[in-house]
Amino acid sequence: MSDIVEQDGWFSRLKRGLSKTSSSLTRGIAELFTKEKFDAATLDELEDLLIQADLGIATAERIAQAVGRARHAKALDGESVRMIVAQEVARVLAPVAKPLDPPESARPAVVLVVGVNGSGKTTTIGKIAESYRTAGLKIVIAAGDTFRAAAVEQLAVWARRAEAIFVSKEQGADAASLVYEAWRRAKDEDADLLIIDTAGRLQNKAGLMAELEKIVRVLKKLDPEAPHDCILVLDATTGQNAVSQVEAFGKVAGVTGLVMTKLDGTARGGILVAVAERYGLPVHFIGVGEGVDDLEPFDPSDFSRALVGLPQA
Ligand SMILES: Nc1nc2c(ncn2[C@@H]2O[C@H](COP(=O)(O)OP(=O)(O)OP(=O)(O)O)[C@@H](O)[C@H]2O)c(=O)[nH]1
């Protein structure tokens with residue numbers, strides 16, 4: 001691959017996006033080799049370093065054990081340790097890397113997008129709509145965040161770009177009734193896909209969570225299988241808080257998959273691994289920047305190598 005293509009490619013954006021995490025891991029691992037010998041205490045330090053990057057205790061332990069085994073077989077250096085980290089991380093992530101794949105038989109297939117304020121829901125919806133427009137699908141987008149006029153406007157821009165039918169209501173309107181209308185509209189138009197934005201809410205605000213529950217209830221009356229996908233968008237910079245979001249949104253809306261954004265904003269990008277290990281939920285997309293090209297389908301090999309600053313396999 002030429003340098004120019006490589007520069008503009010997804011992997012180099014991913015690598016740049018994950019550089020806060022990868023440089024902190026690379027530096028930390030290099031420091032382990034300034035010790036006189038690489039012994040059990042060094043392995044503990046490695047484990048701590050991985051936990052600090054939010055990789056989760058179980059994965060950190062497994063990686064330290066794998067490095068421990070390798071140290072008997074060959075002389076280690078920073079790069080070989082990073083390679084072991086990448087291999088173990090890829091192993092954890094392989095089962096959760098699944099493209100978003102709403103059923104073709106459902107008309108419309110319903111994708112509900114949930115998450116706290118500012119996590120990147122709008123950007124995610126724009127990306128999904130764009131990829132399905134390219135595939136020739138007829139799309140309806142419902143502006144279920146009826147609280148913020150700016151959110152509706154932003155979504156309308158994405159809808160126009162994706163040549164999607166856009167359904168919105170006046171500010172403060174009941175979100176569940178908007179969802180009802182949007183589903184009917186999608187049915188009347190024989191649309192393939194209905195994507196529903198929802199208002200950002202904190203997982204500990206009971207009133208807003210009840211409203212989300214009502215949206216799901218309304219959808220189930222229209223189609224017992226809906227929503228076919230319920231995507232939780234997680235902001236990586238919220239760290240361990242992502243874990244409580246998965247639980248709270250999972251309980252109310254039955255989360256079926258994840259998108260993790262803003263991996264560029266943290267040195268603890270390992271949080272994706274911790275969440276994957278704990279819940280085994282599919283990861284559909286990851287985001288490392290504000291542009292539409294900075295959100296891409298999740299690839300465990302690319303992610304795990306970029307996480308420790310290694311070139312693409
Ligand atoms: N650095 C960075 N910024 C991102 C990423 N994804 C989204 N953003 C930015 O984060 C902000 C919030 O993204 P939105 O897509 O509007 O999020 P939202 O969840 O719809 O937000 P609300 O409508 O406020 O609930 C925007 O300024 C995005 O450009 C990412 O991966 N990295």
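This structure is a prediction, so every number in the text was calculated from the model and none was measured.

### Side note on the overall build of the chain
Part 1 of the argument: If you tally the helices and strands in the chain, you get 13 helices and eight strands.
Part 2 of the argument: Compactness check: the chain gives a C-alpha radius of gyration of 21 Å against a globular reference of 20 Å for 313 residues, within 12% of the reference.
Part 3 of the argument: Its C-alpha atoms give the chain principal-axis dimensions of about 70 × 45 × 35 Å.
Part 4 of the argument: Each of the 313 residues in the chain was classed as buried or not, and the buried ones make up 47%.
Part 5 of the argument: A separation of at least 24 residues holds for 76% of the contacts in the chain among residues at least 6 apart in sequence.

### Some details on the sheet that holds strand 7 (residues 283-287)
Part 1 of the argument: What the eight strands build is an open sheet, ordered 3-2-4-1-5-6-7-8; its pairing is mixed. The open sheet has two free edges, formed respectively by strand 3 (165-167) and strand 8 (295-297), since each of these has just one partner strand. In this sheet, adjacent strand axes meet at a mean angle of 20° when their direction is disregarded.
Part 2 of the argument: Bridging between strand 2 (residues 139-144) and strand 4 (residues 193-198) involves six bridges; their strand directions are parallel. Within strand 4, the position partnered with I141 by the bridge is I195.

### Comments concerning the UniProt feature "domain: SRP54-type proteins GTP-binding" (unreviewed entry) in the chain
Part 1 of the argument: Taken from the UniProt record, the annotation "domain: SRP54-type proteins GTP-binding" (unreviewed entry) applies to residues 282-295.
Part 2 of the argument: Within residues 282-295, the helical portion is 0% and the strand portion 43%, while the C-alpha atoms at the span's ends are 16 Å from each other.

### Description of the site of the ligand
Part 1 of the argument: In the vicinity of the ligand, 20 residues are found, and the nearest of them are K121, T122, T123, G200 and G287.
Part 2 of the argument: For the shell around the ligand, the element with the most residues is helix 7 (residues 121-134), which contributes three residues.

### Focus on the environment of V85
Part 1 of the argument: Mapping V85 onto the fold places it in helix 6 (residues 78-93).
Part 2 of the argument: A sequence separation of 21 residues divides V85 from A64, and the C-alpha atoms of the two residues are 8.6 Å apart.
Part 3 of the argument: The contact partners of V85, leaving out residues within four places of it in the chain, are I63 and V308.

### With respect to helix 10 (residues 206-222)
Part 1 of the argument: The end-to-end C-alpha distance of helix 10 is 25 Å, a good match for the 24 Å that 17 residues give at a rise of 1.5 Å each.
Part 2 of the argument: Within the sequence span of helix 10, burial applies to L212, I215 and L219. Viewed end-on, helix 10 has its buried residues packed into an arc of 50°, placing them on one side of the element. Within helix 10, the exposed residues directed more than 90 degrees away from the buried face are A206, G207, A210, R217, K220 and K221.
Part 3 of the argument: Where helix 10 is buried, its residues meet strand 1 (109-114), strand 2, helix 9 (175-188), strand 4 and helix 11 (241-253).

### Overview of the environment of V114
Part 1 of the argument: Topologically, V114 is positioned in strand 1.
Part 2 of the argument: Through-space distance from the C-alpha of V114 to that of A94 is 24 Å; in sequence the pair is 20 residues apart.
Part 3 of the argument: Non-local contacts of V114, meaning those with residues more than four positions away in its chain, are made with T198, L212, C230, L232, F249 and A253.

### Section: the domain arrangement of the chain
Part 1 of the argument: Structurally, the chain comprises domain 1 (3-96) and domain 2 (109-261).
Part 2 of the argument: Taking the mean C-alpha position of each, domain 1 and domain 2 sit 36 Å from one another.

### Notes on the confidence of the model for the chain
Part 1 of the argument: Per-residue pLDDT for the chain averages 91, and the proportion of residues at 70 or more is 96%.
Part 2 of the argument: Per-residue pLDDT stays below 50 along residues 1-6; that stretch engages in two contacts with residues further than four places along the chain or on separate chains.
Part 3 of the argument: The ipTM, which scores confidence in the relative placement of chains, is 0.93 for this predicted complex, and the corresponding pTM is 0.93.

### A closer look at the nonpolar core
Looking at soluble globular proteins, one finds that nonpolar side chains tend to be buried together.
Part 1 of the argument: In this structure, A129, L194 and I195 are the most contacted members of the largest nonpolar core, which totals 93 residues.
Part 2 of the argument: Ignoring anything within four residues of it in the chain, the contact list for I195 reads V111, V113, I125, I128, A129, I139 and I141.

Rules and cut-offs
Residues numbered from 1 in each chain as written. Predicted model: local features only at pLDDT ≥ 70, side-chain atom pairs only at ≥ 80, totals over all residues. Helix = DSSP H or I, 4+ residues; strand = E, 2+ residues; numbered from the N terminus. Rg over C-alpha atoms; globule rule 2.2 N^0.38 Å. Buried ≥ 20, exposed ≤ 12 C-beta atoms within 10 Å, placed from the backbone. Contact = placed C-beta atoms within 7 Å. Pairing = 2+ DSSP bridges. Axes fitted to C-alpha atoms, helices over the stretch in contact; angles between N-to-C directions. UniProt positions renumbered as here; feature names shortened; annotations may be inferred. Near = placed C-beta within 6 Å. Expected span 1.5 Å × (residues − 1). Arc of directions from axis to C-beta. Domains from an automatic or database assignment. pLDDT = per-residue confidence, 0-100. Core = buried A, V, L, I, M, F, W, Y, C linked by C-beta atoms within 7 Å.

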